[in-house]
Amino acid sequence: MQVRMARAKGLDAGDAKFAASFGDRLKKLRSDAGLDATALGQRCGMTQAAMWRLEAGKALPTLRTLARLAIALEVPITELLVDVDYQDVRLVNRPYEPR
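The structure presented is a predicted model; accordingly, all values stated were derived computationally and were not measured.

Asker: Just give me the short version of the overall build of the chain, but keep the residues and values in it.
Answerer: Along the chain, the regular secondary structure elements total four helices and two strands. The helix and strand sequence of the chain, counted from the amino end, reads β-α-α-α-β-α. Buried residues in the chain amount to 35% of all 99 residues. Counting only carbon and sulfur atoms, one obtains 53% of the accessible surface of the chain, whose full area is about 6,700 Å².

Put into structure tokens, the structure is as follows:
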């Protein structure tokens, strides 16, 4: 099973700051749980590389990924976002790009 994430590539500065802040929070929660990135990835069906991208601020999680991380860490989903800096995320409409 592959977990999809919104990649940080091409993110503006606000989104990049948000991704980095989330990565720091995830790393802390993982460490507090006594897990390494491989173990957490296995618990939620993600590769070690995917965990690295999240923790390094190179990817933004989808809502489904947040839910999987919360279940694997045994924390409420809101705990993943405590102290995460989202103040610089721009509120702009992006052009529609069909797949």
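Asker: For helix α3 (residues 48-55), give the residues involved together with the corresponding values.
Answerer: By the burial criterion, the buried members of α3 are Ala50, Met51, Leu54 and Glu55. Take α3 and look down its axis: the buried residues cluster within an arc of 130°, on one side only. Gly57, located one to two residues past α3, shows a positive phi value of around 75°.

Asker: Outline helix α4 (residues 63-73), supporting the account with residue identities and numerical values.
Answerer: Looking at α4, one finds that the buried residues are Thr65, Leu66, Leu69, Ala70, Ala72 and Leu73. Take α4 and look down its axis: the buried residues cluster within an arc of 165°, on one side only. Turned more than 90 degrees away from the buried face of α4 sit Leu63, Arg64 and Ile71, all of them exposed. With its phi angle positive at about 55°, Glu74 sits one or two positions after the end of α4.

Asker: So what about the side chain of Asp15? Which residues, and what values?
Answerer: Its location among the elements puts Asp15 in helix α1 (residues 13-32). Among residues more than four places away in sequence, those in contact with Asp15 are Leu60, Val89 and Arg94.

Asker: Explain the confidence of the model for the chain to me, and be specific about the residues and the numbers.
Answerer: Averaged over every residue, the pLDDT of the chain is 87; the share at 70 or more is 90%. Here strand β1 (residues 5-7) stands out as the element of the chain with the lowest mean pLDDT, 46, in contrast to α4, whose mean of 96 is the highest. Of the regions scoring below 50 in pLDDT, residues 1-8 engages in 29 contacts with residues more than four places distant in sequence or in other chains.

Asker: Break down the packing of helix α2 (residues 37-44) against α4 for me, with residues and values.
Answerer: In contact at an axis separation of 9 Å, α2 and α4 are set at 110° when each is read in the N-to-C sense. The angle between the axes of α2 and α4 places the two elements in the roughly perpendicular class. Where α2 crosses over α4, the handedness of that crossing is right-handed. Contacts between α2 and α4 pair Leu40, Arg43 and Cys44 from the former with Arg68, Leu69, Ala72 and Leu73 from the latter.

Asker: Tell me about the nonpolar core, and name the residues and values.
Answerer: Judged by nonpolar contacts, the single largest core of 19 residues is most densely connected at Phe22, Leu26, Leu40, Met51, Leu69 and Leu80. Within the residue set of this core, elements represented by two or more residues are α1, α2, α3 and α4. Of the residues forming this core, the biggest block, five residues, is contributed by α4. Setting aside its immediate chain neighbours within four residues, Leu80 contacts Phe22, Arg25, Leu29, Leu66, Leu69, Ala70 and Leu73.

What counts and how
Within any chain, residue numbers begin from 1 and follow the written order of that chain's sequence. Note on the predicted model: pLDDT of at least 70 is required for a residue's local features to be given, and 80 or more for side-chain atom pairs to be given and counted; whole-chain, interface and lining totals, by contrast, use all residues. Neither water nor hydrogens contribute to the side-chain values; these are computed over all heavy atoms in the structure. The numbering of helices and of strands both runs from the N terminus, where a helix is a DSSP run of H or I of at least 4 residues and a strand a run of E of at least 2. The buried label applies to any residue whose accessible area, calculated with a 1.4 Å probe on protein chains only, is under 20% of its type's maximum; exposed applies above 50%, and partly exposed to all values in between. Here the Shrake-Rupley method, with its probe set to 1.4 Å, supplies the accessible areas, and only the displayed protein chains count as covering residues. Here, the arc refers to the directions that run from the helix axis to the C-beta atoms. Here, two residues are considered to be in contact whenever any of their heavy atoms come within 4.5 Å of each other. Values of pLDDT, which run from 0 to 100, indicate the predictor's confidence residue by residue. Axis lines are fitted to C-alpha atoms, over the contacting stretch for helices. Their N-to-C directions set the angle, which ranges from 0 to 180 degrees. With respect to orientation, any angle under 35 degrees is reported as roughly parallel, any angle over 145 as roughly antiparallel, any angle of 65 to 115 as roughly perpendicular, and every other angle as oblique. Should the near helix be turned anticlockwise from the far one by less than a right angle, the crossing is termed left-handed; should it be turned clockwise, right-handed. We define a nonpolar core as any set of buried Ala, Val, Leu, Ile, Met, Phe, Trp, Tyr and Cys residues linked to one another through side-chain atoms lying within 4.5 Å.

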